[in-house]
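Residues per chain are reported as follows:
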Amino acid sequence: MVQEHAQGFAERWQEWKDERERRLADPHGWLALVSLDWLADAPRAYPGLPGLWWQDADAAHFDPQGAEAVHEGAPVTGPLRFELVKSGLGARVVVGDVEVEVARRGGYLIRVHDPAAPALGAFRGVPSYRPRPEWVLTGTFEPFDEPRPTTVGAVVEGLSHVYTAPGVVRFRRGADEHVLTVFNGNAGGLSILFTDGTSGVTTYAANRSLAVPEPAADGTVELDFNRAVNLPCAFTDYATCPLPPEGNRLPFDVEAGELIPYERP
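Sequence order as written defines residue numbering, which begins from 1 separately in each chain. Predicted model: local features are reported for residues with pLDDT of at least 70 only, side-chain atom pairs are reported and counted for 80 or more only, and whole-chain, interface and lining totals are derived from all residues. Where side-chain values are given, they derive from all heavy atoms of the structure, hydrogens and water being excluded.

J.: An account of the layout of surface pockets is requested, with residue identities and associated values reported.
T.: Here the term cavity refers to a set of points on a 1 Å grid, laid over the protein atoms alone, in which a 1.4 Å probe fits but cannot get out; the term pocket refers to an open set having protein on both sides within 12 Å along at least five of seven lines, with lining residues being those that place an atom within 4 Å of a point. Grid points are joined across faces, edges and corners, and a volume is the space filled by probe spheres set on the points. Counted as a void, the largest pocket has a volume near 1800 Å³. Lining the largest pocket are 50 residues, and of these W30, N186, S191, S209 and P232 sit closest to its centre. Partitioning the lining of the largest pocket into residue classes produces 23 nonpolar, 17 polar and 10 charged. Classification used: nonpolar for Ala, Val, Leu, Ile, Met, Phe, Trp, Tyr, Cys and Pro, charged for Asp, Glu, Lys and Arg, polar for all others including Gly.

Here it is as structure tokens:
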């Protein structure tokens, strides 16, 4: 029975890992990034891209200057304005085979996602620790009285991100209790950015991320560190990933989850 349970655990983890790697290999995903440019206040052209791009205090702008481009499935026939949330989701403009992402990270930037990117062509999966049930821990979510805006640093020097922290998660490992600040997950549930004793040794130095399902009615949450993943900055220099909030460094080795990518020795 124990062997069957362990086999089922490993199979479920492998299914999750396969799906994770399929998403990473998306032809217009993070591995397809080939450039990042911060927009200037005056309209200017960028190598390989049509039209003019710029920003003002409130938004980013794109004027195709008669060139072919598509936004949200429709041809771009005139200037576009993108007023985006800082640290939030970006917008995409399709130009031939590539997609130009517009995002707000302090100021506005554009990033090109190219299916012919060398990193995408060379991708061979993400190295990971072998999954072990002992790295599935139980914690308790404790909400704040009011969600707290929380400023964190970024892998890009001088840049910061602001997220809303709904509370903390407490959990025990052995005799010790640990407390981690959590953010809201992109697809529901919670998200934890953290570092630990393996960071910069066997795992990516800046951070890893752990998705946490919605807490149960009593606040109980499952922390499956076997599913701790690298943020995009572990794979590409064209990402502006956040750093963990203050206090989210675990004082032990989390020998579970994704390792330093093959592409970033």
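J.: Please give an account of the sheet that holds strand β2 (residues 52-55) that cites residues and values.
T.: Read across the open sheet, the 3 strands follow the order β2-β3-β6; overall the sheet is antiparallel. The open sheet terminates on both sides in strands that have one partner only, identified here as β2 and β6 (80-82). For this sheet, the mean angle separating the axes of adjacent strands, direction not counted, is 15°. For two strands to be treated as a pair, DSSP must find at least two bridges joining them. A helix here means a DSSP run of H or I that spans at least four residues, while a strand means a run of E at least two residues long, and both kinds are numbered starting from the N terminus. Here strand β3 (residues 60-63) runs beside β6; their pairing, made up of 3 bridges, is antiparallel. Each residue of the ladder has a partner; that of F62, found in β6, is L80. Interaxial angle, 0 to 180 degrees, is taken between N-to-C directions of lines fitted to C-alpha atoms, where a helix line uses only the stretch in contact.

J.: Account for the side chain of S35, with residues named and values stated.
T.: Along the chain, S35 turns up in strand β1 (residues 33-38). Apart from the residues within four sequence positions on either side, S35 is in contact with I110, R111, V112 and Y238. By definition, residues are in contact when any of their heavy atoms lie within 4.5 Å.

J.: So what about the side chain of K17? Which residues, and what values?
T.: In this fold, K17 is placed in helix α1 (residues 2-24). Residue contacts for K17: discarding those within four places in its chain leaves V126 and S128.

No statement about biological role is implied by the geometric values presented.
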